[in-house]
Amino acid sequence: MPFVRIDALRADEKRLDALGRAVHDALVDAIGIPQDDRFQVLTSHDGTHRMFRYDDDYLGVHRDDDIVFVAITMRSGRTASQKQALYRRIAELAEEYADTEPRNVFVTIYENQPIDWSFGDGVAQYAEAGL
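About the thresholds
Per chain, residues are indexed from 1 in the order of the written sequence. Local features in this predicted model are restricted to residues whose pLDDT is 70 or higher, and side-chain atom pairs enter the listing and the counts only when it is 80 or higher, whereas totals over whole chains, interfaces and linings include all residues. As a convention, hydrogens and water are excluded, and side-chain values are obtained from all of the structure's heavy atoms. By definition here, a salt bridge exists when the distance from a side-chain nitrogen of Lys or Arg to a carboxyl oxygen of Asp or Glu is within 4 Å. Secondary structure elements follow DSSP: runs of H or I no shorter than four residues count as helices, runs of E no shorter than two count as strands, and numbering proceeds from the N terminus. In this scheme, a residue with accessible area under 20% of its type's maximum is buried, one over 50% is exposed, and one in between is partly exposed, where area comes from a 1.4 Å probe on protein chains only. Convention adopted: a line fitted to C-alpha atoms gives each axis, helices being fitted over their contacting stretch, and angles between N-to-C directions are expressed from 0 to 180 degrees. Crossing handedness follows the turn of the near helix against the far one: under a right angle anticlockwise gives a left-handed crossing, and clockwise gives a right-handed one. In this analysis, two residues are considered to be in contact whenever any of their non-hydrogen atoms come within 4.5 Å of each other. Side-chain classes follow a simple rule in which Ala, Val, Leu, Ile, Met, Phe, Trp, Tyr, Cys and Pro form the nonpolar group, Asp, Glu, Lys and Arg form the charged group, and the remainder, Gly included, forms the polar group. To estimate how far a helix should reach, multiply one less than its number of residues by 1.5 Å. Note that patches include only residues with greater than 30% relative accessible area and no salt bridge, and the join distances are 9 Å for like charges and 5 Å for nonpolar side chains (Val, Leu, Ile, Met, Phe, Trp, Tyr). Note on areas: Shrake-Rupley with a 1.4 Å probe; residue coverage comes only from the protein chains shown. Geometry of aromatic contacts follows a simple scheme: Phe, Tyr and Trp rings, the Trp one being its six-membered ring, pair when their centres are within 6.5 Å, and the pair is stacked under 30 degrees between planes, edge-to-face over 60, tilted otherwise. Any Lys NZ or Arg CZ found within 6 Å of a ring centre and within 35 degrees of that ring's normal is scored as a charge over the ring.

> Help me get a handle on the pattern of salt bridges, residues and values and all.
Using the criterion set out here, one finds seven salt bridges in the structure. For aspartate 65, the salt bridge goes to arginine 10, with nearest N and O atoms at 3.3 Å. One end of the pair, aspartate 65, is in the loop between strand 2 (40-45) and strand 3 (68-75); the other, arginine 10, is in the loop between strand 1 (3-9) and helix 1 (13-31), with 55 residues separating them in the sequence. Note that glutamate 101 and arginine 103 form a salt bridge whose closest N and O atoms lie 2.7 Å from each other. Given the relative accessible area of 39%, glutamate 101 is considered partly exposed. One continuous salt-bridge network, built from bridges that share partners, spans Asp29, Arg89 and Glu92.

> Give me the packing of helix 1 against helix 2 (residues 80-98): which residues, what numbers.
The N-to-C vectors of helix 1 and helix 2 enclose an angle of 145°; their axes lie 8 Å apart at closest approach. Helix 2 is crossed by helix 1, and the crossing has right-handed handedness. Only Gln82, Ala85, Leu86, Arg89, Ile90, Leu93, Ala94, Tyr97 and Ala98 of helix 2 make contact with helix 1, whose side of the interface consists of Arg15, Ala18, Leu19, Arg21, Ala22, Val23, Asp25, Ala26, Leu27, Asp29, Ala30 and Ile31. Its residues assigned to classes, the contact of helix 1 with helix 2 shows 15 nonpolar, one polar and five charged.

> If you had to explain helix 1 to someone new, which residues and values would you point to?
Each α-helix winds once per 3.6 residues, and so residues spaced three or four apart point in a common direction. For helix 1, spanning 19 residues, the distance from its first C-alpha to its last is 27 Å, which sits close to the expected 27 Å at 1.5 Å a residue. Residues of helix 1 that are buried: Arg15, Leu16, Ala18, Leu19, Gly20, Ala22, Val23, His24, Ala26, Leu27 and Ile31. Contact partners of the buried residues in helix 1: strand 1, strand 2, strand 3 and helix 2. A positive backbone phi angle near 75° is found at glycine 32, which sits one or two residues after helix 1.

> Got a sec to walk through a nonpolar patch on the surface? Specific residues and values, please.
Nonpolar side chains collect at one region of the surface, where Tyr58, Leu59 and Val61 lie side by side and expose about 330 Å² of accessible area between them. Its location among the elements puts leucine 59 in the loop between strand 2 and strand 3. A residue is classified by how much of its surface remains accessible, and leucine 59, at 70% relative accessible area, is exposed.

> Account for the packing of aromatic side chains, naming residues and giving values.
Throughout the structure, instances matching the rule amount to six aromatic pairs. When the ring of tryptophan 117 is compared with that of phenylalanine 119, the centres are 5.7 Å apart and the planes differ by 5°; the resulting orientation is stacked. Exposure remark for tryptophan 117: the relative accessible area of 9% places this residue in the buried category. The interplanar angle of 75° and the centroid separation of 5.0 Å between the aromatic rings of phenylalanine 119 and tyrosine 126 together place this pair among those described as edge-to-face. Overall, the relative accessible area of 34% leaves phenylalanine 119 in the partly exposed class. Taken together, the ring pairs connect Phe39, Trp117, Phe119 and Tyr126 into an aromatic cluster. If you follow arginine 21 out to its NZ or CZ, it ends over the ring of tyrosine 97, 4.9 Å from the centre. Taking NZ or CZ as reference, arginine 75 lies 4.2 Å from the ring centre of tyrosine 126, over its face.

Everything listed here is a matter of geometry and, on its own, says nothing about what the molecule does.
Right under this line is the structure:
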């Protein structure tokens, strides 16, 4: 059920795929989403035609051009400790799969309700199923 957007600067297809796998595997490991529940948009920005901005030392975390923005939209209900575990696991797997240093992994979570999802056919499947 999570919808994931990953944006990276000058990432080739192999790195984007590795980042997508890292986030998906972290979602499975840390919060127990089903293995077959994968909806992702992976985007590389070339640095000339698309803008990519970040503060390189915000909150004392030094970032560089290997920064990756991960935005996860999912239904509400996860605890703070589950989210912390998810952030850690994403950073670990991004380093393992895509050679991206944890300091360069920026994650945000957006939460919503079952009525906010339609998986096709113009139907809010979660709302209709009472999930």
